[in-house]
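This is what each chain is made of:
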Amino acid sequence: MAALPLIRPVILAGGSGVRLWPLSRPWRPKPFVRLAGPQTLLQQTVERFSASARFAPPLLVCNRAHRFLVAEQLQQMGVVPRAIVLEPVLRNTAPAAAIAALLLAEDDPDSLMLLAPSDHLIQDLPGLHEAIDLAAAAARQGRIVTFGAHPLRPETGYGYIKQDGELADCPGCYRIGRFVEKPDLATAERYLSSGAYMWNSGLFLLSAARLIEEMGRHEPAVLDACRRALAGARDDEDFLRLDEDAFAAQPSIPFDKAVMERTAEGAVVAIDIGWSDVGSWEALHQVAAKDADGNRLDGPVIALDSKNSYLRSDSVPLAVLGLEGIVVVASDDAILVCPLDRSQDLRALVDRLAADPSYAALVEEAPDGGGN
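These notes cover the structure that comes with them. The structure presented is a predicted model; accordingly, all values stated were derived computationally and were not measured.

Rules used throughout
Residues numbered from 1 in each chain as written. Predicted model: local features only at pLDDT ≥ 70, side-chain atom pairs only at ≥ 80, totals over all residues. Heavy atoms only, no water. Helix = DSSP H or I, 4+ residues; strand = E, 2+ residues; numbered from the N terminus. Rg over C-alpha atoms; globule rule 2.2 N^0.38 Å. Buried < 20%, exposed > 50% of the residue type's maximum accessible area, 1.4 Å probe, protein only. Contact = heavy atoms within 4.5 Å. Areas by Shrake-Rupley, 256 points an atom, 1.4 Å probe, with all protein chains shown as cover. Lys, Arg positive; Asp, Glu negative; His and termini not counted. Charge placed at Lys NZ, Arg CZ, Asp CG, Glu CD. Core = buried A, V, L, I, M, F, W, Y, C linked by side-chain atoms within 4.5 Å. Salt bridge = Lys/Arg side-chain N within 4 Å of Asp/Glu carboxyl O. Phe/Tyr/Trp six-rings, centres within 6.5 Å; stacked < 30°, edge-to-face > 60°.

Turning our eyes to something else, we now look at the overall build of the protein. Along the protein, the regular secondary structure elements total 11 helices and 19 strands. Since a compact globule built from 372 residues should have a radius of gyration of about 21 Å, the 21 Å found for the protein is in line with a globular shape. If you line up the protein on its principal axes, its C-alpha atoms span 60 × 50 × 35 Å. Per-residue burial for the protein yields a buried fraction of 53% across its 372 residues. A fraction of 69% describes how many contacts in the protein between residues 6 or more apart in sequence connect residues 24 or more apart. Here the protein displays about 16,000 Å² of accessible surface, and carbon together with sulfur accounts for 51% of that area. Taken as two groups, the 35 positive and 50 negative side-chain charges of the protein have centres that lie 3 Å from each other.

So this is what it looks like as structure tokens:
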């Protein structure tokens with residue numbers, strides 16, 4: 001049996017997670033919050049790829065305003081990264097992936113890089129590693145492999161991947177029929193019953209050289225801006241600061257749209273590993289351990305005659321009576337109350353807070369923390 005290739009994790013930590021307000025804020029977004037266990041989501045992500053010799057030290061890409069959060073949380077784990085790259089402005093996942101590929105290609109153009117969001121939950125770690133090993137065979141042949149999670153319900157907050165025929169030279173890897181962005185409920189129900197669609201997990205495995213080639217073919221302006229941003233980058237203690245003017249001179253575009261929906265080299269591996277993007281309080285409630293009444297209780301919470309609710313306090317004692325299907329989350333300076341099935345709509349409420357001078361400070365943008 002051929003030796004398994006070394007996988008180089010690239011952890012993308014640039015999101016905001018407004019649907020998990022009030023715990024997730026611009027200055028301390030979702031990846032840096034303890035939502036599902038004693039570690040933050042970022043630390044859980046790093047841990048997945050640190051317990052095995054199959055993985056090289058991770059490369060992280062984050063907003064410069066969050067650099068000290070990233071460095072501190074890695075230090076708490078005793079993890080020394082390949083690099084912590086600071087984005088001067090937000091430009092979504094395609095530019096972040098291109099920057100990582102250009103850096104890793106300096107080490108080895110044939111490096112297999114695993115693009116991983118920093119804020120997802122995966123419950124079956126051995127299952128994830130098995131899927132990565134399966135995908136590596138296709139990635140070494142030049143494929144761009146994504147991972148499709150087995151759908152558990154007609155979810156309208158996720159993207160979907162349609163699976164086509166199996167690749168003859170890579171058992172367990174399938175051609176991609178199509179991508180679909182966040183369908184309506186009726187469409188999601190059809191996808192679930194068909195058995196041909198999977199949730200798009202946002203995980204990708206491919207070589208650095210393949211990513212550079214595909215970006216050059218489909219988004220040459222993005223690749224050029226990333227090359228210039230790296231050429232003008234400077235080291236700053238533990239961080240690599242990209243040139244702001246060069247990096248800002250490109251569109252904001254996700255990797256799915258820049259590459260995966262256009263490439264002829266896409267493939268998908270099915271996973272059933274307890275994956276969730278925990279992108280809302282409802283999603284977190286679905287994967288969390290609950291009591292006999294279906295409640296998730298976190299912190300100093302007392303619940304009486306309440307069912308199927310997510311109840312959390314990080315500050316004062318929280319007492320609830322007679323609630324069903326409700327989210328109540330209390331932070332140090334704000335309290336959220338909403339139906340569980342409306343938590344996907346929380347962005348509209350955050351936008352309303354931002355527009356009101358009395359409450360804008362609760363959702364204001366992250367301070368840079370000093371310097372460029």
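Membership of the largest hydrophobic core comes to 45 residues, with the highest contact counts inside it found for Met113 and Leu211. Take this core: its biggest share by element is 11 residues, from helix α3 (residues 93–107). Sequence-distant contacts of Met113, that is, excluding residues within four places in its chain, are made with Arg8, Val10, Ala97, Ala100, Ala101, Leu104, Phe204, Leu205, Leu206, Ser207, Ala208 and Leu211. If you look at the next biggest cluster of nonpolar residues, it comprises 35 residues, including Phe49, Phe55, Ala131 and Leu203.

Enumeration over the complete set of coordinates arrives at 17 salt bridges. Taking the shortest distance from any N to any O, the salt bridge between Arg228 and Asp224 comes out at 3.1 Å. Taken together, the positions of Arg228 and Asp224, both in helix α7 (residues 220–231) and four residues apart, correspond to about one turn of that helix. When its relative accessible area of 38% is taken as the criterion, Arg228 is described as partly exposed. Connected through shared salt-bridge partners, Arg210, Glu213, Glu214 and Arg217 make up one network.

This brings us to helix α1 (residues 41–48). Counting buried residues in α1 gives seven out of eight residues, a clear majority hidden from the surface. Residues of α1 that are buried: Leu41, Leu42, Gln43, Gln44, Thr45, Val46 and Arg48. On the buried face of α1, the contacting elements are β1 (7–13), β2 (59–63), α2 (67–77), β4 (112–117), β5 (121–122) and α4 (125–140).

This paragraph deals with the packing of aromatic side chains. Tallied over the entire structure, the rule returns nine aromatic pairs. Consider the rings of Trp199 and Trp275, whose centres lie 6.3 Å apart with planes at 55°: the pair is tilted. Residue Trp199 is located in strand β9 (residues 197–207), and its partner Trp275 is located in strand β13 (residues 275–276); the two are separated by 76 residues in the primary sequence. The two residues Trp199 and Trp275 agree in class, both being buried. Here Trp281 and Tyr310 contribute two aromatic rings whose centre-to-centre distance is 5.2 Å and whose plane-to-plane angle is 40°, an arrangement assigned as tilted.

In this section: unusual backbone geometry. Residue Pro22 is reached from Trp21 by a cis peptide bond, and omega for that bond is 10°. Among the secondary structure elements, Pro22 is positioned in the loop between β1 and α1. Here Glu237, not a glycine, exhibits a phi torsion of approximately 55°, which is positive. If you trace the backbone, Glu237 turns up in the loop between β10 (234–236) and β11 (239–241). Residue Glu237 is classed as exposed on the basis of its relative accessible area of 73%.

By themselves, these figures tell us nothing about what the structure is for.
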